Amino acid sequence: VDKQSVIVTQEPGVSSNYSPELELIMLFPNPVDDILKITGIKAESDIMIYDLNGKVILERKISKDEIIPTNSWKKGTYLVKIISEDFIEEKKIIIK
C-alpha cells in the first residue's frame with residue numbers, strides 16, 4: 001500500500017466548512033454605496049450583519065436573493081454571516 005501525504009491549506013477569510021453552495025453566494029458591490037445585493041442563496045438561511053464592535057445591525061431569515069438597503073448605516077467595516085443547514089459563511093463588507 002502506497003502512503004501519500006496531503007497538505008491542506010486555508011486562505012484567510014475562507015470558511016472551513018466547504019460546500020458547493022459557497023462558490024455561488026455573492027455579496028456585492030463591495031465597497032457598498034446604498035444597497036448590498038446577496039445572490040446565490042438556494043435554501044432557507046439566517047443572515048446576521050454586525051459591526052466590528054459586535055453590535056447586530058440586521059438579523060433575519062432569507063431563502064432567495066436579497067437586496068438590503070444600507071444608506072442609513074454608518075461608514076465602516078461590517079461582518080456578514082450566513083448560516084444554513086449545510087454551511088456557515090462569514091464575509092467582510094465595507095460601507096462607503
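Because the structure is predicted, anything quoted here is derived from the model rather than measured.

Looking at the overall build of the chain
- Along the backbone of the chain there are zero helices and seven strands.
- Taken from the N to the C terminus, the helices and strands of the chain come in the order β-β-β-β-β-β-β.
- Relative to its full complement of 96 residues, the chain shows a buried share of 32%.
- As presented, the chain carries roughly 7000 Å² of accessible surface, and 50% of it is formed by carbon and sulfur atoms.

Things to note about unusual backbone geometry
- Cis peptide bonds are those with omega within 30 degrees of zero, and the linkage from Phe28 to Pro29 qualifies with -10°.
- As for its placement among the helices and strands, Pro29 is situated in the loop between β1 (26–28) and β2 (35–39).

Description of the layout of surface pockets
- Roughly 160 Å³ of volume is contained in the second largest pocket.
- In terms of residues, the lining of the second largest pocket owes the most to one element, strand β6 (residues 76–83), which gives three residues.
- Here the lining of the second largest pocket is composed, by residue class, of three nonpolar, two polar and four charged.

Some remarks on the nonpolar core
- Ranked by size, the top nonpolar core spans 18 residues in total, and within it Leu36, Ile47, Ile49, Ile82 and Ile93 carry the most contacts.
- When residues of this core are traced back to their parent elements, those giving at least two are β2, β3 (45–51), β4 (56–62), β6 and β7 (88–95).
- Counting residues per element, this core draws most heavily on β6, at three residues.

Topic: the side chain of Glu66
- For Glu66, the location among the structural elements is in strand β5 (residues 66–69).
- The residues contacting Glu66, other than those within four sequence positions of it, are Leu36, Lys37, Ile38 and Arg60.

Notes on the confidence of the model for the chain
- Per-residue confidence for the chain gives a mean pLDDT of 83, with 76% of residues at or over 70.
- With pLDDT under 50 throughout, residues 1–12 is counted as low confidence; its partners more than four residues away or in other chains account for two contacts.

A word on the pairing of β7
- Relative to β7, β6 is paired through eight bridges, and the arrangement is antiparallel. Bridge pairing in β7 links Ile83 to Ile88.
- Here β6 folds back onto β7 in antiparallel fashion, the turn holding four residues.

The rules behind each value
- Residues numbered from 1 in each chain as written.
- Predicted model: local features only at pLDDT ≥ 70, side-chain atom pairs only at ≥ 80, totals over all residues.
- Heavy atoms only, no water.
- Helix = DSSP H or I, 4+ residues; strand = E, 2+ residues; numbered from the N terminus.
- Buried < 20%, exposed > 50% of the residue type's maximum accessible area, 1.4 Å probe, protein only.
- Areas by Shrake-Rupley, 256 points an atom, 1.4 Å probe, with all protein chains shown as cover.
- 1 Å grid on protein atoms, 1.4 Å probe; cavity = no way out; pocket = protein on both sides within 12 Å on 5 of 7 lines; lining within 4 Å.
- Points joined across faces, edges and corners; volume = space filled by probe spheres on them.
- Nonpolar A, V, L, I, M, F, W, Y, C, P; charged D, E, K, R; others polar.
- Core = buried A, V, L, I, M, F, W, Y, C linked by side-chain atoms within 4.5 Å.
- Contact = heavy atoms within 4.5 Å.
- pLDDT = per-residue confidence, 0-100.
- Pairing = 2+ DSSP bridges.

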